[in-house]
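Examining the three-dimensional arrangement
Chain by chain, the residues:
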Amino acid sequence: MKTLAELRKIREKAQQEMRLRQSDNRVKIVVGMGTSGIAMGAREVMKTIMEEVANRNLTDVLVTQTGEKGLSSMEPVIDVVEEGKQTVTYGNISPEKARKIVAEHIVNGKIVNDFVVTVQS
Amino acid sequence: MSLKRTDILICCGSGCVSAGSLKIKAKLIDELKKHDISDEINVIETGCMGPCDYGPVMMVYPEGVFYRNVSVDDVEELVDEHLLKGRPLKRLMMQDVDDKVYTKVSEIPFYKKQIKVALANCGYINPDKIEEYIALGGYEAIGKVLSEYSQQDTIDVVTKSGLRGRGGGGFPTGRKWQFCYDQKADYKYVICNADEGDPGAFMDRSILEGDPHRVLEGMMLAAYAIGAQKGYFYIRAEYPLAISRIKKAIVQAHELGLLGENIFGSNFCFDAEVRTGAGAFVCGEETALISSIEGRRGIPNAKPPFPAISGVWTSPTDVNNVETLADLSTIFTKGPDWFAGMGTETSKGTKVFALTGDVKNTGLVEVPMGVTLRELIFEVGGGIPNGKRFKAVQLGGPSGGCLTEDHLDTKIDYESLKAAGAMVGSGGVIVMNEDNCMVNIAKFFLEFTMEESCGKCIPCRVGLKQMYKIMERITSGNGKQGDIEELERLGKNICELSLCGLGQTAPNPVLSTIRYFRHEYESHINDKSCKTKVCLPLMHFFINKDKCIGCGLCSRKCPVSCILGSRDEKYFITQEDCIKCGNCMEVCPVSAISKIAGVGYKPIDDSDSIYG
């Protein structure tokens, strides 16, 4: 170790690995993982989202899950929660649609209106 | 690259490990495999999270959910519900008396008054990974100091922070460094004193286990300031986990070039190694510790010369406690004024305490200096369990003293506690409820120091033995008039005539209990009665004939057949033969048997007054 810059490089990389434990994420994608959600393929959707987030190296995105959302007919359901913005709920999500949401909504900031169930502030 | 979505931190401090956290970890990994989600979830071992009473404990991020009293049988449900379906398990969360469930750690009262400096990363990072320590700003302080500060600047920062030795002595750290720095010598040493020996103390162990790199960085800062090239961690052999973690930390620091030659491109070259002690209490005393490191028998030497002038192999040596070193990196990153902003006039910063005994939340806590004993015991500690009353608190282990209810509003700082007859000490806090016999407690601590005396000074070696004999006499019902005065005389002499801290403080538990609980000594001696019914020779079992149904179960279970009687006449205990095993009381179906203070037979002065 010769310089502080070197140390900081290690730190930045290490902080990535510990991101889950810090609460400074820009946006949170919440996947509904109730029984009906799982039956309709929520696990696949979640895996796809996680892959997509990892491939695009989106370091400020958190993927998490929640229980039954009560929208059984529209499962799998995901929420995109962003600080200071409206929470968008998408329904009938497939892995394909999930990829599109990551690309359009998370990266470009444009809501994918075709899949939206509700938008709430 | 696969992105993880959840971090599970399992507390693997010694308390939780013995409660089974490693088994839980193994089961968790199995379950994750079974559900095919192993690559989404990190399972991480951390150091002590603090609330040892509720162990095994774990934290689940990103939600920040805190689980307590987790058992292997809970793991399946936990994985199924929380990790798969995202429904945190309410029944494993912390609850208070009104059944309020605490989802978040920050809401739990145990953590509310705490400010964590030395324990900042404990229970949050994986102690086996240097990267996690670096991620939270680790080694930034030493990097900054080596690039920008002179040695004198470094010492000045610590002096300004007001940091004092956390091992018990309370000597200003900056001043110690200055002495060491002022010595002209080719070779100097830094020693981390991790010979934590007080019964009921586990602060240093937990810091070493939970955040070893923080202590290592602190040692490097001390080494740079005084100009040392070599450091020793002196850790007792009964702390195997702490030893292996710090050894691993040293290896990792070497790999990254944080130890060795020309660290951060400066002229500072430093290396550290671990020396294990055999666990003698006296080796916590710095001159005895140095003897032990040199390979000699661990006995103290006369001071002066102080180790700062002539220490290991007669080189100037700086000996700092684990917690002192653990505070340093934060003092440099957050600034000395920040640290000095906490605490009282003379005692700055925070102090780690190990809360044990009759207190609800036993565990490891870090509070700012200057909080009162009441806040520490009743707010952070949650008070006394099972509706019992608070009786006394022993601070500073076997070197400290007992304080009573009257002292609960005493501020915790070096001077206030000393004035009250106790000491901050290394931070062991043993809380006692009304069921404790203070004479017996004092005897316990005296037995400990008597056995740990190295034998060099006669007052300590012989005097403590004599005091112990008197204590034994008192607790066995043979106390005589004048015993209390003799204890006081011996104690005072031992304090004055011993070379090291062990002897100088060993009589404190006896002296402080005489000071505050003299009436208990008197009733042991004069009335042959132990009010708390702890000293077996000074209490007896008694069968209440009004309650007794004459079933005879007690008589059949009595190992010495000293319970006689019949269904009609009911039963009674022949006190002379009773060995006080308590079997009868346990088996009685109608709770007719109780413990009564006093001997119960052969009244001393021919009066029946004490016969239950």
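Residues numbered from 1 in each chain as written. Chains lettered and ligands numbered in written order. Predicted model: local features only at pLDDT ≥ 70, side-chain atom pairs only at ≥ 80, totals over all residues.

A word on the overall build of chain B
When helices and strands are counted, chain B shows 23 helices and 19 strands. Here chain B has a C-alpha radius of gyration of 27 Å; the compact-globule value for 612 residues is 25 Å, and the two agree. With the principal axes as the frame, chain B shows a C-alpha extent of 90 × 65 × 40 Å. A total of 612 residues make up chain B; the buried ones form 54% of that total. Summarising the internal contacts of chain B: among those between residues at least 6 apart in sequence, 71% fall at separations of at least 24. (Helix = DSSP H or I, 4+ residues; strand = E, 2+ residues; numbered from the N terminus. Rg over C-alpha atoms; globule rule 2.2 N^0.38 Å. Buried ≥ 20, exposed ≤ 12 C-beta atoms within 10 Å, placed from the backbone. Contact = placed C-beta atoms within 7 Å.)

What to know about the interface of chain B and chain A
Every contact between the two is made by 30 residues of chain B and, on the other side, 24 residues of chain A. For the side of chain B that touches chain A, the secondary structure elements donating two or more residues are β1 (6-11), α5 (130-135) and α6 (140-148) of chain B.

Details of helix α7 (residues 151-161) of chain B
Residues and elements named next belong to chain B. If you check which residues of α7 are buried, you get Thr154, Ile155, Val157, Val158 and Ser161. On an axial view of α7, the arc spanned by its buried residues comes to 155°, and they lie on one face. The outward face of α7, more than 90 degrees from its buried face, is lined by the exposed residues Gln152 and Asp153. Of the surrounding secondary structure, the elements contacted by the buried residues of α7 are α6, α8 (173-182), α10 (212-226), α13 (322-334) and α14 (336-340). Positive phi shows up at Gly162, right after α7, with a value of about 75°. (Arc of directions from axis to C-beta.)

Remarks on the sheet that holds strand β15 (residues 428-433) of chain B
Residues and elements named next belong to chain B. Ordered in space as β12-β11-β15-β13-β14, the 5 strands form an open sheet in which the pairing is mixed. Of all strands in the sheet, those bounded by a partner on one side alone are β12 (363-368) and β14 (401-404). Strand-to-strand, the axes of this sheet are offset by a mean angle of 30°, without reference to chain direction. Pairing analysis gives 4 bridges linking strand β11 (residues 350-357) to β15, with the strands arranged parallel. Across the sheet, residue Leu355 finds its bridge partner in β15, namely Val429. Here helix α15 (residues 373-380) sits on the sheet and contacts β11, β12, β13 (390-395), β14 and β15; the angle it forms with β12, its principal contact strand, is near 135°. (Pairing = 2+ DSSP bridges. Axes fitted to C-alpha atoms, helices over the stretch in contact; angles between N-to-C directions.)

Digging into the packing of helix α17 (residues 438-452) of chain B against helix α21 (residues 508-526) of chain B
Residues and elements named next belong to chain B. In the contact formed by α17 and α21, the axes pass within 8 Å of each other and the chain directions differ by 140°. With respect to their mutual orientation, α17 and α21 come out oblique. Judged by the twist between their axes, the crossing of α17 over α21 is left-handed. Residues Met438, Val439, Ile441, Ala442, Phe445 and Leu446 of α17 pack against Pro509, Val510, Thr513, Phe517, Glu520, Tyr521 and His524 of α21. Residues belonging to the contact of α17 with α21 are distributed by class as follows: 10 nonpolar, 2 polar and 1 charged. (Parallel < 35°, antiparallel > 145°, perpendicular 65-115°, else oblique. Left-handed = near helix turned anticlockwise from the far one by under 90°. Nonpolar A, V, L, I, M, F, W, Y, C, P; charged D, E, K, R; others polar.)

Concerning the nonpolar core
In terms of nonpolar packing, the biggest core is built from 184 residues, with Met58, Met219, Leu221 and Val393 of chain B touching the most fellow members. Among the elements that make up this core, the one with the highest residue count is α10 of chain B (10 residues). Excluding residues that lie within four positions of it along the chain, Met219 of chain B makes contacts with Val190, Cys192, Gly231, Ala272 and Leu325 of chain B. By size, the runner-up hydrophobic cluster in this structure holds 25 residues, among which are Ile29, Val61, Leu62 and Ala98 of chain A. (Core = buried A, V, L, I, M, F, W, Y, C linked by C-beta atoms within 7 Å.)

Side note on the confidence of the model for chain B
All names here are of chain B. For chain B, the mean per-residue pLDDT works out to 91, and 97% of the residues sit at or above 70. No element of chain B has a lower mean pLDDT than strand β6 (residues 101-102), which averages 78, and none a higher one than α10, which averages 97. Complex prediction metrics read pTM 0.88 and ipTM 0.79. (pLDDT = per-residue confidence, 0-100.)

Details of the sheet that holds strand β4 (residues 65-67) of chain B
All names here are of chain B. Taken in spatial order, the 4 strands line up as β2-β1-β3-β4 in an open sheet, and their pairing is mixed. In this open sheet, the two edge strands, each paired with only one partner strand, are β2 (41-46) and β4. When strand polarity is set aside, the average angle formed by the axes of neighbouring strands in this sheet is 20°. Bridge count between β1 and β2: 6 bridges; the pairing is parallel.

Some remarks on the environment of Leu259 of chain B
All names here are of chain B. Here Leu259 lies in the loop between α11 (240-255) and β9 (271-277). Residue classification places Leu259 among the buried residues on the basis of 21 C-beta atoms within 10 Å. The spacing of Leu259 and Ile125 is 134 residues in sequence and 21 Å in space, taken between C-alpha atoms. Each residue touching Leu259, except ones within four places of it in the same chain, is listed here: Ile250, Ala253, His254, Phe270, Asp271 and Ala272.

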